[in-house]
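# Residue-level structural notes
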Amino acid sequence: MRLLLTTDTRGGGWTHTLELARGLSRMDVDVTVAALGKRLPPPSRAALAATGANIYEAPFGLDWMLAPWAELADANRWLLRIYERVEPDVVQLNGTSHAAMRLPGPLVAVGHGCARTWWWSVMAGPPPVEWRRGEEILAAGLRRADAVVCASEAMSAMMRRCYGPLRRMQVIRPGRCGRRLKPGIKSTSVLSTGQLWDEGNNLQALDDAAGHIRWPVRVAGERRDLDGSTWRMRSVVTLGELDEAEMAAQMRRAAIFALPSRYAPVGMATLEAALSGCALVLGDIPALRETWGEAAVYVPADDSAALAEAVNELIEDDGARRRLSAAARQRGLAMTPQQTVRGFMRLYEQLRRESATQCRYGQQDRSAMALEGLMLRPRWAEGVTSLE
């Protein structure tokens with residue numbers, strides 16, 4: 001089987017892609033990854049190359065950024081050229097707006113977050129008017145997809161509320177390899193991670209709480225906002241962006257992982273912390289409660305005093321902290337990448353069987369795509385991997 005897999009190079013979606021590529025390679029799937037957004041750092045690119053995947057990357061804007069519509073059109077043309085070279089049996093898109101291209105064959109859209117669900121979760125309302133075009137593109141892509149996959153029932157429900165009924169919605173939980181992430185000798189420290197500027201991560205609340213927490217609080221993540229400004233924290237120690245190995249080392253040492261999220265469509269960082277033996281203090285939102293149950297402490301996302309109190313209680317109670325750590329790791333070990341891969345493989349095979357019996361697109365449709373301009377040579381962005 002040949003799979004074309006798009007990915008966002010930022011956040012948990014990237015880690016999910018890496019684990020999926022590792023697992024699929026063991027099942028004789030020929031994976032091609034088209035990475036959009038920020039350029040892959042050398043360690044990330046090397047980790048993906050080690051899976052045997054074919055890699056293309058381009059610094060096009062992503063559909064959750066502020067109105068990147070011209071770049072999205074160029075990205076679609078670029079993806080179509082990759083599609084024509086690879087001739088995949090299945091396409092899996094982590095940027096759901098690209099599904100509106102009407103590529104032939106089975107198409108899976110993965111709901112790893114979008115502007116509409118982010119706004120409703122973080123701002124408790126719809127996106128501003130300038131996002132209306134983006135909402136229409138995202139909705140068209142989701143309706144076009146043969147299947148829509150989410151990481152939790154909570155995210156699936158949110159997608160339905162925001163976009164209405166979607167075809168073949170399915171929950172496939174992300175997994176992480178327990179052999180790669182293990183507890184170490186724990187230090188007296190609290191760890192968190194995420195893009196500092198993303199209000200969905202709500203790291204400002206952690207910064208507000210850090211001045212009242214008895215242990216030092218360290219935060220790893222990108223500090224530069226999309227507009228180029230740099231976010232600064234008053235009370236936490238910022239570590240900057242870390243690669244996979246550096247982040248794993250920080251998690252091995254941290255006793256507590258605190259992330260008061262308002263929005264957690266994937267939750268890979270929390271899974272990594274659990275596997276690393278951290279006690280979890282999380283934002284009280286449905287997706288996190290669904291995933292972690294009684295293996296975490298939950299606090300209201302906007303209550304920094306409650307966050308500080310919850311963390312301090314675990315600092316003072318070694319027994320409670322160790323019990324919570326063990327419960328989180330046990331729950332995390334059940335979320336294996338093998339289960340994730342098997343879930344996607346079942347979906348791919350089902351869609352391929354249906355596609356073989358229902359020839360949905362013929363030569364006339366491909367001509368229509370050409371008339372729409374999708375077959376045109378893209379305006380190559382600086383640094384785009386050439387297909388020539």
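Residues numbered from 1 in each chain as written. Predicted model: local features only at pLDDT ≥ 70, side-chain atom pairs only at ≥ 80, totals over all residues. Heavy atoms only, no water.

### Section: a positive patch on the surface
Together, R26, R179, R180 and K182 make up a positively charged patch on the protein surface. Secondary-structure assignment places R26 in the loop between α1 (12–25) and β2 (30–36). (Patch = residues over 30% accessible without salt bridge, like charges linked within 9 Å, V, L, I, M, F, W, Y side chains within 5 Å. Areas by Shrake-Rupley, 256 points an atom, 1.4 Å probe, with all protein chains shown as cover. Salt bridge = Lys/Arg side-chain N within 4 Å of Asp/Glu carboxyl O. Lys, Arg positive; Asp, Glu negative; His and termini not counted. Charge placed at Lys NZ, Arg CZ, Asp CG, Glu CD. Helix = DSSP H or I, 4+ residues; strand = E, 2+ residues; numbered from the N terminus.)

### Regarding the sheet that holds strand β5 (residues 107–110)
Reading across from one edge, β3-β2-β1-β4-β5-β6-β7 is the order of the seven strands in this open sheet, with parallel pairing throughout. Each having just a single partner strand, β3 (54–58) and β7 (169–171) make up the two edges of the open sheet. Each strand of the sheet is rotated relative to its neighbour by a mean of 20°, with strand direction disregarded. Where β2 and β3 come together, five bridges link them in parallel fashion. Across the sheet, the residue bridging to V33 is I55, located in β3. Together, β6 (147–150) and β7 form the strand contacts of helix α6 (residues 153–163), whose direction differs from that of β7 by roughly 160°. (Pairing = 2+ DSSP bridges. Axes fitted to C-alpha atoms, helices over the stretch in contact; angles between N-to-C directions. Contact = heavy atoms within 4.5 Å.)

### Quick word on the sheet that holds strand β9 (residues 217–220)
An order of β10-β9-β8-β11-β12-β13 is seen for the six strands of this open sheet, with the pairing classed as parallel. In the strand order of this sheet, the two ends are held by β10 (237–240) and β13 (297–299), each with one partner. Between one strand axis and the next, the sheet turns through 25° on average, direction left out of account. When strand β11 (residues 256–259) meets strand β12 (residues 279–283), the two strands line up parallel, connected through four bridges. Note that in β12 the partner of F257 across the bridge is L280. The sheet strands contacting helix α12 (residues 318–333) are β11, β12 and β13, and the helix crosses β12 at an angle near 80°.

### Observations concerning the packing of aromatic side chains
Throughout the structure, instances matching the rule amount to three aromatic pairs. Note on W118 and W119: the rings are 5.5 Å apart at their centroids and 75° apart in plane angle, and the pair reads as edge-to-face. Ring plane angle 35° and centroid distance 6.0 Å describe the contact between F344 and Y348, whose orientation is recorded as tilted. Of the two residues, F344 and Y348 are both situated in helix α13 (residues 337–357); the distance of four residues between them amounts to about one turn of the helix. By relative accessible area, F344 is classed as buried at 0%. Judged by relative accessible area, which is 0%, Y348 ranks as buried. (Phe/Tyr/Trp six-rings, centres within 6.5 Å; stacked < 30°, edge-to-face > 60°. Buried < 20%, exposed > 50% of the residue type's maximum accessible area, 1.4 Å probe, protein only.)

### Here's the deal with the packing of helix α9 (residues 268–275) against α12
Where α9 meets α12, the axes come as close as 7 Å, and the angle between the chain directions of the two elements is 115°. Note on packing geometry: the crossing formed by α9 with α12 is left-handed. Between α9, through L271, A274 and L275, and α12, the contact on the second element is made entirely by A328, R329, G332 and L333. Class assignment for the residues of the contact of α9 with α12 results in five nonpolar, one polar and one charged. (Left-handed = near helix turned anticlockwise from the far one by under 90°. Nonpolar A, V, L, I, M, F, W, Y, C, P; charged D, E, K, R; others polar.)

### Describing the confidence of the model for the chain
For the chain, the average pLDDT comes to 86, and 88% of its residues sit at 70 or higher. Residue range residues 360–388 is modelled with pLDDT below 50. Its contacts to residues more than four positions away, or to other chains, number 64 contacts. (pLDDT = per-residue confidence, 0-100.)

### Considerations on the pairing of strand β4 (residues 90–93)
Neither face of β4 is open: one carries V90 and Q92, the other V91 and L93, and all of them are buried. Where strand β1 (residues 2–8) lies against β4, three bridges are found, and the strand directions are parallel. From the neighbouring strand, L5 faces β4, where its bridge partner is Q92. In terms of strand pairing, β4 meets β5 through three bridges, oriented parallel. Opposite V91, over in β5, you have L107 as the bridge partner.

### Let's talk about the pairing of β6
Here β6 shows two buried faces, one formed by A147 and V149 and the other by V148 and C150. Bridge count for β5 against β6 is three bridges, and the pairing is parallel. By the bridge assignment, V110 is partnered in β6 with V149. Pairing of β6 with β7 involves three bridges; the strand directions are parallel. Bridging across to β7, V148 finds its partner in M169. Chirality of the crossover, the property in question, places the unit of β6, α6 and β7 among those that are right-handed. (Right-handed = clockwise from strand over helix to strand, strands pointing away.)

### Some thoughts on the pattern of salt bridges
On inspection of all chains with the given rule, the structure shows 21 salt bridges. Notably, a salt bridge pairs R176 with E19, separated by 2.6 Å at the nearest N-O pair. Of this pair, R176 sits in the loop between β7 and β8 (190–193) while E19 sits in helix α1, and the two are 157 residues apart along the sequence. Residue D208 is joined to R234 by a salt bridge in which the shortest nitrogen-to-oxygen separation is 2.9 Å. Residue D208 is found in helix α7 (residues 203–210), and its partner R234 is found in the loop between β9 and β10; the two are separated by 26 residues along the sequence.

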